[in-house]
Amino acid sequence: MRRLLPQSRRAPPTRSTSPRPPASSSDNTHGETALVHEAIVSSVASLIHPGAPPLISMGHASTQGVNHIAVQLQSSTQSDNRSSAQRDDSTTPKHSIHDVSAARANEPARAPTECTATSSTTAASPKATPSPAKDAFAVTLRFTQTLMKRLPDIVDGNPAKMAVGLAKTIIQIKDAVKDNMDAVERRIASTGAQLMILEKAFTDWSPHTEEQESMNQFKRTLADALEELTRLSNEWLARKIADHEDEKLRIAIIFERVNEARIHFELATGIRVFKIVCTIQKDIRLSLLDRLKPSLIADHKYYLVGEQREALRRAVCTPGTRVYILGNIIKWANDTSSESQDIYWLFGPAGSGKSTIAYTVTRRFELTADVDDTIILGGNFLCSRQFEETRYENAIVPTLVYQLALKCKLFADALCRSGKFETVHQNVRAQLEDLLVGPWRESYAIMGNDSSGQRRYLVVIDALDEIEQQGGATFLRQLLDIINDNPLPGLKFFVTSRPDPDLVKHVESFSRKQTFRLQDVEKEEVQADIEKYVEASLPDCKGLEEMKDLIEFAGGLFICAATVVRHLTPTGRKLLPGDQRSRLRNLFPRAGTVAPHLSSKVVAPLDKLYLQILSAAFSELESEELSARLRILHTFLCTSEPISALSATKLVCDNSDETDLSSTEIADDVLSQLHAVIYTDAHQRILSYHKSFSDFIFDPGRSGKYWCESGVHHRLLAESCFRVMNGGLRFNIANIHTSFILDSDNHGLPRQVAQNIPPALRYCSQNWGHHLSNTTSTTSDPLANTLEDFLRLRALFWIEVMNLLDTRGMCDPMLRTARNWVSKLPNHSALAQQLAEAASFALYFSASPASSSTPHLYISSLATWTRKLEPCQTWKTYFPRIPHFATNGPQPNFPLLSLELGSDVSAVACSEDGRWVASSSRDGVFCVWDMSTGKVQRVLEGHTPWVSLVVFSSDGTRIVSDSAGPSMRVWDVSTGKVQSVLEGHTSWVTSVAFSSDGTRIVSGLGNGSMMVWDVSTGKVQSVLEGHTNWVTSVAFSSDGTRIVSCARDQFVRVWDVSTGKVQSVLEGHTEEVASVAFSSDGTCIVSGSHDRSVRVWDVSTGKVQSVLKGHTDWVTSVALSSDGTRIVSGSHDRSVRVWDVSTGKVESVLEGHTEGVTSVAFTSDGTRIVSGSHNRSVRVWDVSTGKVQSVLEGHTDLVHSVAFSSDGTRIVSGSNDKSVRVWDVSTGKVQSVLESHTLADAVWSVAFSSDGTRIVSGSLANQSVRVWDVSTGKVQSVLEGHTDLVSSVAFSSDGTRIVSGSVDKSIRVWDVSTEKVQSVLEGHTRGVSSVAFSSDGTRIVSGSADQSVRVWDVSTGKVQSVLEGHTDLVSSVAFSNDGTRIVSGSFDQSVRVWDVSTGKVQSVLGGHTGGVSSVGSLGADTCIVSGSADKSMQMSDLQLEPHMAQEDLNSNSDHTQALTGWLLLSQGEYHVMFVPPNANLPKPPCILVLSNSPSSFVYLENTALGLQWHKCYSPMSACVESG
């Protein structure tokens, strides 16, 4: 019975790092001998260091004997393992030889296997046709039989000799039967072939002691095997008939034992080879080390200690940081495609982390390689100025070549064969060509063309910018040129440096490169990486607010964060967590404490770095050369926004015409030399990589001779800005062709702006204020004269440019900055006032819709600027053809800015610098507005339903608000986000205030108590109690030691913040006190009350200093100017009043709100007031020159009648106030008042004689007609005859007759010379209210209470026509001059124009809010004048009616008309002019309103508009006027 034998052991597969093609079944001895040596060492290394990457470099040897043994031994191993594996896979993939044998023995009738069938088919004779099974058995029998027959011939007492004989016999038999063998027989044949290889390897070789024991064991195994084979041969010869399967299996088992013994022997021999190779490798290494003289410290494996470590710290990236860039580099390195670039250049500013990335990459491909890597580290050179051997470019190539030779034997052999080691003393190009390019290309050719079998190497070169004398840039250029001319397949180069601009251009010219700019990494990503780094480095400080400051300080540069980390983790000792946190807090103190001052230990590494860079760039320059370059550098750093090198040159050049090539070259040279700290963006603007460089330059103790004295340089730049502007600013600089369209509709405007406003002019226009404010003023400062000259006219053109640049919002702050600067100079108060006036005008324009069309800076804003102060008054003289704008009544104090909200204003506040206004309305909208443009800056969301209180912190960065609930919110103005929520109130919040330092908030409550809060913690510090009713207002003193409060209990209380006690109670108000405020010096308190008074209190005594009265309703809000000289108060009487504190008198009354004023506040400079009202608006007022305006001496009651003089220069009016008044049309002023009617004698009708010398009037009570001498104002005659009141009178054109109409229903015609009645006209069914002559005196028109208008023939006294259409009493009628039209006014509030010939209405004019009492026509019959019961007179131009209109928005919830202020022409297509809506401009065709209330009018005659608008400017007109 046949037994199953145990499965034989297999040798472990040899590890291979690269895929190999499988060997064929006949490839017994020569399969892969070329790489055998390498594979042996890899196998041995894998046994010694399991899991480690293959150490190919350890397998190179130059001794022929060792190589010969290694090749022969390994060839047998690989051939055996691979061919047998292949055969096993093709026949029995999942079974051992023994399993297959057993299966065959048990199933003799089974069909042959694929291999057997194939073999039989190949070997069968064409003449014989045996069965397949029989044929296969015969063929396989031959191999076994032949072997059994030949065994006796090779039996020998010497096992080695017998083994060789056996191997030869097996090979001979195999060659004879060729492929006619099954798997077992092929395995036996393979073992025989391997024995033959051993015989060749042992020739002329004596084993060392280490191998002797393995050799002896191998011999014993062979002896046993041969003895058993001999026994089998004898048995076969005795039987002569072979049990084929049994014999074959026994023989196979014997050969398996022989094969295992061989493997053990080869392993021992391989280890010996490994030791020999190491010895030889050491010799080679020492030889190369001596010849190449590489830098050892430049290698990443070099361990820095002591002073070296202090000078240079090498570290890998913190885990989780630089993920994207590292992934990008690794992907590039492992990319084996032909498209992959040979060089990867990573560049960025000094301190951005390039070296840490390079060090991480180097370690990654040497020590922590991934199994999927297709490349290993071939060499690395980490440049550094700190060490002699790492700062020169001629050390780079020898070091890299030395390291690469240790990794690649073929390259080492080629390098040794070249023998050009003297090149180490030559230039970089020679080194690259002789030591790298030549040997590498020779070695690569030996490797063959199959890239899959070739090892690839990565070369890392870090910080080339650290090489002396620009050597790093030279090296990279040479490397690029060499590789471009001589590609080095199998090598990749990873290089880092700073971004030399010239080098960037050079690199961009090569195709086979990849670049990465670290400054292009998103700021958020860099900050996140820095955050991970500092948290990993300072775990005990994690979560501190100062950590955020540290990250912000770093500004995207790792070196800045690293310097702080180094300060907190000193070498040699470990700081306690508490000490570490303390140091961090000292570096970055919180708000309200001393500003941070970084210690010298923190900034020292940065200073050293910056001094190195500056010294390398400027050390060899002469004094003048250095000065010129520093002037450019300081300009780069002092500008408030990045500029180009050309713009910087224009700024520092004394004469713009001399901005020549040399000046530009100096700027370019500075940029090139200092590329490590400054760079250009995509728009060619110069930027500094980090603020720390600017801090360094501006500190004389740190930067030494490179120091920039900022005040001096800012003066230079301020002067340069005005010089550039004086040369570049001009009227209509963008050549805008028409004034009728908005800028947004002028599609060619952006191109014109770019062409006509060069970058230098753009910069100077936007930033002269920055440089001026940073200039220290002197007693007789020449910049004051520069500003004075600028204001004459250039400032107006500057506003134009700023509007075109869409930066008009900067005009007001810049001019106010200039005013503040000038205010510090002696004897320049007039200039300061002019700057304030110019600032007000700039805000008036920039916050107006007029700014949407640049020509309307002149046509609208300058035209409607009513104040007659310099410089605006002079500006107007240069523009004689802009529209004429005038106002009747008190001169308007138009708000400079009006913010229209969608609902009632519930709260308003202004930041102290006047930049922001916060407002809340009852529709829930809570906004922060930019005061310079009137645009919403932020919408703050979170309160419901609306904000009832809002206050700014003194620095304008935060807002505290409340929505009448138990909690308050503190907001960050810059982000619009909630910083904290203050909760814990015991009642609703009624008032709130910040302390001046922003650290505390006081809130007043509805239950009479107050709470003081710590802003940083959100906790209550103290509760103040004493008021017995609702606290209406609270405020801190400027020093934060006291709080003032007022309440509905009529008291004002002063509190000590430290104790929470009441210091004093101020009594005097008789009703609720609504508002309180401290003076800036804390000596005074001002309060406003529902008793309509404002009181000023002395804090020290608690006594009233003065009581200010004038408001006619509740005083709702008060505030003091910062200098304590003025008080502003707002009232329910709709007015804002400004008071002089010293006199208690009103300085100005600001009117315009249509409902009660709820809140008022001063800007910090006291020149502006912001007010909020229930009328849904917030207004900003200029009060620097405001005075109480005189009240127009006008009618005080209903105006019944008006008439023009024939020349149109005067108007006469009669009123219920019993007076007749004569007005000057051009000024709207009263020329004379005619008074003679009795006390009860209301003037019902008036008219001029044609020559203007007489006026006729009809009275109400005495039924008389009076004729007046205009020159004397005396009555000439009294005409009597009517039986009821005289309602209307008129002169004939020749002045010889007067017509009068009466309530007695009759019309009488009088002869002026005789004072007799000529005729009486009757026909009206009710009283006659108005009469008038035609110009030729042949007709009379009359209006009546019967709602009709009648035309009479004077000669016959008959009615010619009756005109009907009015719906109420016709109060006034008049003929046009040509007699073709009649105008009538009625109590139905309308004015109608009739065609006399047809009796039809031509137009109906509205606008009056009361019954029209009088009408008349003027001039060319297109001008109509009317008077009304609304106490106003209106003038309308019929020519405007079909063309001109006021733009309106019907967006109000009550659907009332909301005017935008634009006058539109031709159905709204053309924007003619913008007039502030609150100017009360009449609605076209009305052009003038005369009334007690201020109203405005516009004359467009002789104006240059539309395509002619550029003619509105006349440079000579001002000269003529001044002359």
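Residues numbered from 1 in each chain as written. Predicted model: local features only at pLDDT ≥ 70, side-chain atom pairs only at ≥ 80, totals over all residues. Heavy atoms only, no water.

**Focus on the sheet that holds strand β18 (residues 989-994)**
Pairing in this open sheet of four strands is antiparallel, and the strands run β18-β19-β20-β21 from one edge to the other. Taken across any chain shown, the strands that pair with only one partner, and hence form the sheet edges, are β18 and β21 (1019-1024). Each adjacent strand pair in this sheet contributes to an overall mean axis angle of 25°, direction not counted. In this structure, β18 lies alongside strand β19 (residues 1000-1005), joined through five bridges in antiparallel fashion. Residue F994 lies in a different strand from β19, and its bridge partner there is I1001. (Pairing = 2+ DSSP bridges. Helix = DSSP H or I, 4+ residues; strand = E, 2+ residues; numbered from the N terminus. Axes fitted to C-alpha atoms, helices over the stretch in contact; angles between N-to-C directions.)

**Quick word on the confidence of the model for the protein**
Low pLDDT means the predicted coordinates in that region are not meant to be read closely. For the protein, the mean per-residue pLDDT works out to 75, and 70% of the residues sit at or above 70. Mean pLDDT values for the elements of the protein range from 33 in helix α1 (residues 36-48) up to 96 in helix α32 (residues 794-804). Here residues 1450-1457 scores under 50 on pLDDT; set against residues more than four positions off or in separate chains, the count is eight contacts. (pLDDT = per-residue confidence, 0-100. Contact = heavy atoms within 4.5 Å.)

**A look at the sheet that holds strand β26 (residues 1073-1078)**
Read across the open sheet, the four strands follow the order β26-β27-β28-β29; overall the sheet is antiparallel. For this open sheet the edge positions go to β26 and β29 (1104-1109), each flanked by a neighbour on one side alone. This sheet shows a mean twist of 20° between the axes of neighbouring strands, independent of strand direction. With five bridges joining them, strand β27 (residues 1084-1089) and strand β28 (residues 1093-1098) adopt antiparallel strand pairing. The partner of V1086 across the bridge, within β28, is V1096.

**Brief notes about helix α34 (residues 829-846)**
Between the first and last C-alpha of α34 there are 25 Å, a value that for 18 residues agrees with the 26 Å anticipated at 1.5 Å per step. Burial analysis of α34 places 14 of its 18 residues in the buried class, the great majority of the element. (Expected span 1.5 Å × (residues − 1). Buried < 20%, exposed > 50% of the residue type's maximum accessible area, 1.4 Å probe, protein only.)

**Quick notes on the side chain of H828**
With respect to the helices and strands, the residue H828 is situated in the loop between α33 (811-823) and α34. By relative accessible area, which is 17% here, H828 ends up buried. For H828, the contacting residues outside a window of four places in its chain are A784 and V822.

**Quick word on the packing of helix α15 (residues 428-447) against helix α16 (residues 471-485)**
Two numbers describe a pair of packed helices, the interaxial angle and the distance between the axes. Their axes nearest at 10 Å, the elements α15 and α16 cross at an angle of 45°. The angle between α15 and α16 places the two elements in the oblique class. Seen from above, α15 lies across α16 with right-handed handedness. Side by side, α15 and α16 meet where V428, R429, L432, E433 and V437 of the first sit next to F475, Q478, L479, D481, I482 and D485 of the second. Taken together, the residues of the contact of α15 with α16 break down into six nonpolar, one polar and four charged. (Parallel < 35°, antiparallel > 145°, perpendicular 65-115°, else oblique. Left-handed = near helix turned anticlockwise from the far one by under 90°. Nonpolar A, V, L, I, M, F, W, Y, C, P; charged D, E, K, R; others polar.)

**Some remarks on the packing of aromatic side chains**
Under the defined criterion, the tally for this structure stands at 27 aromatic pairs. Plain terms: the ring middles of F731 and Y1513 are 4.8 Å apart, the flat faces sit at 40° to each other, and that makes the pair tilted. Pair noted here: F731 is in the loop between α28 (710-728) and α29 (749-756) and Y1513 is in the loop between β64 (1495-1499) and α37 (1515-1522), with a separation of 782 residues, a long-range link. Here F731 and Y1513 have matching classes, each one buried. Aromatic ring contacts, followed pair by pair, group F731, F797, Y858, F879, W1509 and Y1513 into a single cluster. (Phe/Tyr/Trp six-rings, centres within 6.5 Å; stacked < 30°, edge-to-face > 60°.)

**Description of the pattern of salt bridges**
This structure, assessed with the given rule, holds 17 salt bridges. A salt bridge links E366 to K301; the nearest nitrogen and oxygen atoms lie 2.8 Å apart. Placement of the pair is E366 in helix α12 (residues 354-366) and K301 in the loop between α9 (244-292) and α10 (306-311), with a sequence separation of 65 residues. Using a relative accessible area of 19% as the deciding quantity, one classes E366 as buried. (Salt bridge = Lys/Arg side-chain N within 4 Å of Asp/Glu carboxyl O.)

**Considerations on the state of the cysteines**
As enumerated under the stated definition, the model contains zero disulfides in all. This cysteine, C708, is not joined by any disulfide, and C638 carries the nearest cysteine sulfur, 3.8 Å off. (Disulfide = S-S within 2.5 Å.)

**A short note on the nonpolar core**
Ranked by size, the top nonpolar core spans 133 residues in total, and within it L633, L674, W768, L787, W798, F841 and F879 carry the most contacts. Among the elements that take part in this core, α34 stands out by supplying nine residues, more than any other. In contact with W768, not counting residues within four places along its chain, are C721, F722, M725, L787, F790, W798, M814, L815 and A818. Membership of the second largest hydrophobic core comes to 49 residues, among which are I343, A405, Y457 and L503. (Core = buried A, V, L, I, M, F, W, Y, C linked by side-chain atoms within 4.5 Å.)

**Regarding α32**
For α32, a buried count of ten out of eleven residues is recorded, marking the element as mostly surrounded by other parts of the structure. Those residues of α32 lying buried are A795, L796, F797, W798, I799, E800, V801, M802, N803 and L804. Once α32 ends, the next one or two residues include D806, with phi positive near 60°.

**Section: the packing of helix α14 (residues 409-418) against α15**
For the pair α14 and α15, interaxial distance at closest approach is 8 Å and the crossing angle is 125°. For the element pair α14 / α15, the angle class is oblique. The handedness of the crossing between α14 and α15 is right-handed. Between α14 and α15, the contacting residues are L410, F411, A414, L415, R417 and S418 on the first element and D434, L435, L436, P439, W440, E442, S443, I446 and M447 on the second. A per-class count over the contact of α14 with α15 returns ten nonpolar, two polar and three charged.

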